[in-house]
Amino acid sequence: MLDPKLLRTEIEKTADQLARRGYTLNRALISTLEERRKDLQIHTQQLQNERNTHSKTIGRAKATGQNIQPLMDEVAGLGEQLKQTETELETLQAQLLAIQLDIPNIPHTTTPNGTNEADNQEIRRWGEPRQFPFPPRDHVDLGAEGGLDFEAAAKITGSRFTVIHGQLARMHRALIQFMLDLHTQEHGYREVYVPYLVNTDSLQGTGQLPKFEADLFKLSGEFNYHLIPTAEVPVTNLVRDRILDAECLPLRHVCHTPCFRSEAGSYGKDVRGMIRQHQFEKVELVQIVRPEESYKALEALTRHAETVLQRLELPYRVVALCTGDLGFAAAKTYDLEVWLPTQKKYREISSCSNFEDFQARRMRARWRNSTTGKPELVHTLNGSGLAVGRTLVAIMENYQDEHGHIQVPEALKPYLGGLEFIVPDGR
RNA sequence: GGAGAGAUGGCCGAGCGGUCGAAGGCGCAGCACUGGAAAUGCUGUUUAGGGGUGACUCUAACGAGGGUUCGAAUCCCUCUCUCUCCGCCA
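In this text the structure is predicted, and so the values were computed from the model without any measurement.

Engineer: An account of the packing of aromatic side chains is needed here, citing residue identities and associated values.
Structural biologist: In total, this model carries eight aromatic pairs according to the counting rule given. Ring geometry for Trp 126 and Tyr 316: centres 5.7 Å apart, planes at 20°, overall stacked. Here Trp 126 is found in strand β1 (residues 121–126), whereas its partner Tyr 316 is found in strand β10 (residues 316–320), with 190 residues between them in sequence. Pairing Phe 212 with Phe 328 gives two aromatic rings, centres 5.3 Å apart and planes at 70°, and the pair type is edge-to-face. Linking Phe 212 in the loop between α9 (200–206) and β6 (226–227) with Phe 328 in the loop between β10 and β11 (332–340), this pair joins segments that are 116 residues apart in sequence. Relative accessible area serves as the criterion here: at 29%, Phe 212 is assigned to the partly exposed category. Take Phe 328: its relative accessible area is 12%, and that puts it in the buried class. Counting every residue linked through ring pairs, the aromatic cluster contains Phe 212, Phe 328 and Phe 358.

Okay, structure coming up:
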């Protein structure tokens with residue numbers, strides 16, 4: 001959520017900034033509602049004041065045994081009038097809030113202009129894509145011996161789920177351990193375990209609700225819970241409705257969870273394989289920082305995610321998302337894209353974002369600024385470190401040999417009992 | 001699932017329907033005292049929103065939401081969470 005003051009005092013400037021990302025702010029409507037809100041609030045508070053004053057007078061009169069009937073007559077009707085304006089104000093405020101919850105974040109000045117993916121800006125590349133002396137096979141092909149079983153998943157559940165067997169499943173698990181160990185032991189993150197089902201307050205806090213309900217899986221029945229689309233939701237909401245001491249900042253959490261996304265199937269994109277699934281594992285980095293440090297933190301967090309790819313020796317590039325490709329809550333985002341030889345393309349494997357105070361305002365997540373003594377909004381960031389399923393795909397495709405065996409990356413060997421190769425045959 | 005108890009400020013803990021944003025204590029901050037400190041004393045110490053250039057002022061909040069009332073922390077209803085006991089369970 002944007003600072004409501006921006007909509008009151010700098011609406012034109014705010015509208016211009018939002019226009020950069022292709023969002024049209026309904027200035028006329030907001031200004032009209034805002035004006036009415038102001039009048040109504042002043043009026044309501046006047047009436048409340050009147051009521052309070054009269055009630056105190058009645059209290060005093062009663063205590064001294066005076067006849068209170070004339071006083072009672074005076075306030076007759078006030079209650080009705082007050083109730084009416086209060087209700088009206090409430091409705092109006094709810095309307096304004098609904099509008100505010102639907103407005104995306106303002107892009108940071110360093111976020112490049114653009115309308116879609118094609119306008120994203122490459123920042124740097126790492127690693128050389130390997131030259132294959134044979135035509136490389138994609139992961140579906142490599143897993144066809146039984147390591148990856150999409151048919152079984154479709155039978156058990158439906159499309160866009162995966163069953164992973166044998167050594168491939170083991171490597172999938174090993175990747176999670178490897179990532180968690182790296183971030184906790186070398187990058188200063190604290191591991192956390194969280195619920196995979198969350199309430200609507202949490203989803204509103206990080207920005208999935210109310211606008212993106214359709215992207216989520218929701219429980220039917222008596223619990224009004226959603227499955228998490230990312231660990232970002234439970235982990236960031238750890239600080240919801242809190243005022244943190246200055247000394248606890250920055251908070252750095254790393255968390256492995258499954259992620260559930262219903263939007264995945266709707267694009268007709270990446271229908272083959274396990275690139276785009278309704279369920280996947282992810283190791284997520286979340287930071288809660290002081291506002292002045294958030295852009296430094298974004299660079300550091302991005303490097304932390306990159307380190308995973310470097311240790312696994314997977315070629316990748318970093319792109320800065322343009323304003324048109326930016327997520328709803330983000331002010332600036334770096335995507336990490338890993339090289340997939342069979343697609344001859346870099347494909348997204350991590351997304352690292354600074355949300356500034358956008359999520360913090362929705363969550364009422366604050367810290368006590370020791371110089372002002374006042375509670376102020378924190379800045380929140382997160383990034384994948386990394387998406388595990390896609391990492392497995394990248395390893396399969398980049399590390400395959402002509403027999404369809406997968407060489408185990410050096411960094412992963414300790415997690416696989418020193419194994420050199422795995423054969424994705426499901427055994 | 002059954003039975004019961006509870007939820008008040010950073011923490012503990014009072015609170016008869018009226019002057020209660022809330023006693024008292026602890027903690028914290030400032031000042032005094034001191035060579036310095038401890039102890040002691042005094043003062044201050046929630047959050048959000050509105051109005052005002054500002055001093056300031058108004059409104060709201062005692063788990064959440066509704067209700068009764070001129071007036072609710074206090075009475076009534078619903079819900080959530082916590083604790084105890086029983087049952088069940090990985």
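Engineer: Residue-level account of a nonpolar patch on the surface, with values.
Structural biologist: A cluster of nonpolar side chains, Leu 197, Phe 223 and Tyr 225, forms an exposed patch at the surface whose accessible area comes to about 260 Å². Turning to its location among the elements, Phe 223 is positioned in the loop between α9 and β6.

Engineer: For the environment of Ala 411, give the residues involved together with the corresponding values.
Structural biologist: Of note, Ala 411 is situated in the loop between β16 (406–407) and β17 (421–422). The residues touching Ala 411, leaving out its near neighbours within four places in the chain, are Phe 178 and Arg 311.

Engineer: Before we move on, can you summarise the pattern of salt bridges with the specific residues and values?
Structural biologist: In a structure, side chains of opposite charge can pair up when their charged atoms sit close to one another. Per the counting criterion, the structure on display carries 19 salt bridges. A salt bridge links Lys 413 to Glu 410; the shortest N-O distance between them is 3.1 Å. With its nearest N and O atoms 3.1 Å apart, the salt bridge here joins Glu 420 to Lys 413. When salt bridges that share partners are traced, they join Glu 122, Arg 125, Arg 317 and Glu 337 into one network.

Engineer: Can you break down helix α13 (residues 388–398) residue by residue, with the values?
Structural biologist: Along α13, eleven of the eleven residues are buried, which leaves the element largely enclosed by surrounding structure. Taken together, the buried positions of α13 are occupied by Val 388, Gly 389, Arg 390, Thr 391, Leu 392, Val 393, Ala 394, Ile 395, Met 396, Glu 397 and Asn 398.

Engineer: Lay out the protein's contact with RNA strand B in plain terms, naming residues and giving numbers.
Structural biologist: Among the 21 residues in the neighbourhood of RNA strand B, the closest are listed as Arg 8, Asn 49, Arg 51, Ser 55 and Arg 366. Atoms of RNA strand B within 4 Å of the protein belong to the sugar or the phosphate in 71% of instances, the rest to bases. Within the backbone of Ser 55, a nitrogen or oxygen atom sits 2.7 Å from a base nitrogen of RNA strand B. Within the side chain of Lys 62, one N or O atom sits 3.1 Å away from a base oxygen of RNA strand B. Ranked by the residues each element gives to the surface near RNA strand B, the list is headed by helix α3 (residues 27–63), at 14 residues. Tallied by class, the residues present in the surface near RNA strand B amount to five nonpolar, seven polar and nine charged.

Engineer: Go over empty space enclosed by the protein, please, and point to the residues and values.
Structural biologist: Under the defined criterion, the tally for this structure stands at one cavity of 30 Å³ or more. Of the pockets and cavities examined, the largest cavity occupies roughly 40 Å³. In this structure, the largest cavity is lined by Ile 275, Val 338, Leu 340, Arg 347, Glu 348, Ile 349, Arg 390 and Ala 394. Counting residues per element, the ones that place at least two in the lining of the largest cavity are β11, β12 (345–356) and α13. Counting residues per element, the lining of the largest cavity draws most heavily on β12, at three residues. Class assignment of the residues belonging to the lining of the largest cavity gives a composition of five nonpolar, no polar and three charged.

Engineer: Requested: an account of the state of the cysteines, with residues and values cited.
Structural biologist: For the structure shown, the criterion picks out zero disulfides. You can see Cys 352 has no disulfide; the closest cysteine sulfur is in Cys 259, sitting 14 Å from it.

Engineer: Could you give me a rundown of the pairing of strand β8 (residues 251–260), with the residues and numbers involved?
Structural biologist: Counted residue by residue, β8 has eight buried out of ten residues, so it is predominantly covered. In terms of strand pairing, β8 meets strand β9 (residues 279–289) through ten bridges, oriented antiparallel. Bridge pairing in β9 links Cys 259 to Phe 280.

Engineer: Kindly report on the side chain of Glu 232, identifying the contributing residues and their values.
Structural biologist: One can find Glu 232 in helix α10 (residues 232–236). Put simply, Glu 232 is tucked away with no salt bridge, and the nearest opposite charge, on Arg 261, sits 6.3 Å away. A polar side-chain atom of Glu 232 sits 2.8 Å from a polar atom in the side chain of Gln 359. At a separation of 3.3 Å, a polar atom in the side chain of Glu 232 contacts the side chain of Asn 382.

Procedures and definitions
- Residues numbered from 1 in each chain as written.
- Chains lettered and ligands numbered in written order.
- Predicted model: local features only at pLDDT ≥ 70, side-chain atom pairs only at ≥ 80, totals over all residues.
- Heavy atoms only, no water.
- Phe/Tyr/Trp six-rings, centres within 6.5 Å; stacked < 30°, edge-to-face > 60°.
- Helix = DSSP H or I, 4+ residues; strand = E, 2+ residues; numbered from the N terminus.
- Buried < 20%, exposed > 50% of the residue type's maximum accessible area, 1.4 Å probe, protein only.
- Patch = residues over 30% accessible without salt bridge, like charges linked within 9 Å, V, L, I, M, F, W, Y side chains within 5 Å.
- Areas by Shrake-Rupley, 256 points an atom, 1.4 Å probe, with all protein chains shown as cover.
- Salt bridge = Lys/Arg side-chain N within 4 Å of Asp/Glu carboxyl O.
- Contact = heavy atoms within 4.5 Å.
- Near = heavy atom within 4 Å.
- Polar contact = N/O pair within 3.5 Å; in protein donor to acceptor, adjacent residues only side chain to side chain.
- Nonpolar A, V, L, I, M, F, W, Y, C, P; charged D, E, K, R; others polar.
- 1 Å grid on protein atoms, 1.4 Å probe; cavity = no way out; pocket = protein on both sides within 12 Å on 5 of 7 lines; lining within 4 Å.
- Points joined across faces, edges and corners; volume = space filled by probe spheres on them.
- Disulfide = S-S within 2.5 Å.
- Pairing = 2+ DSSP bridges.
- Lys, Arg positive; Asp, Glu negative; His and termini not counted.

From the geometry alone we can't say anything about function, so treat these as descriptive.
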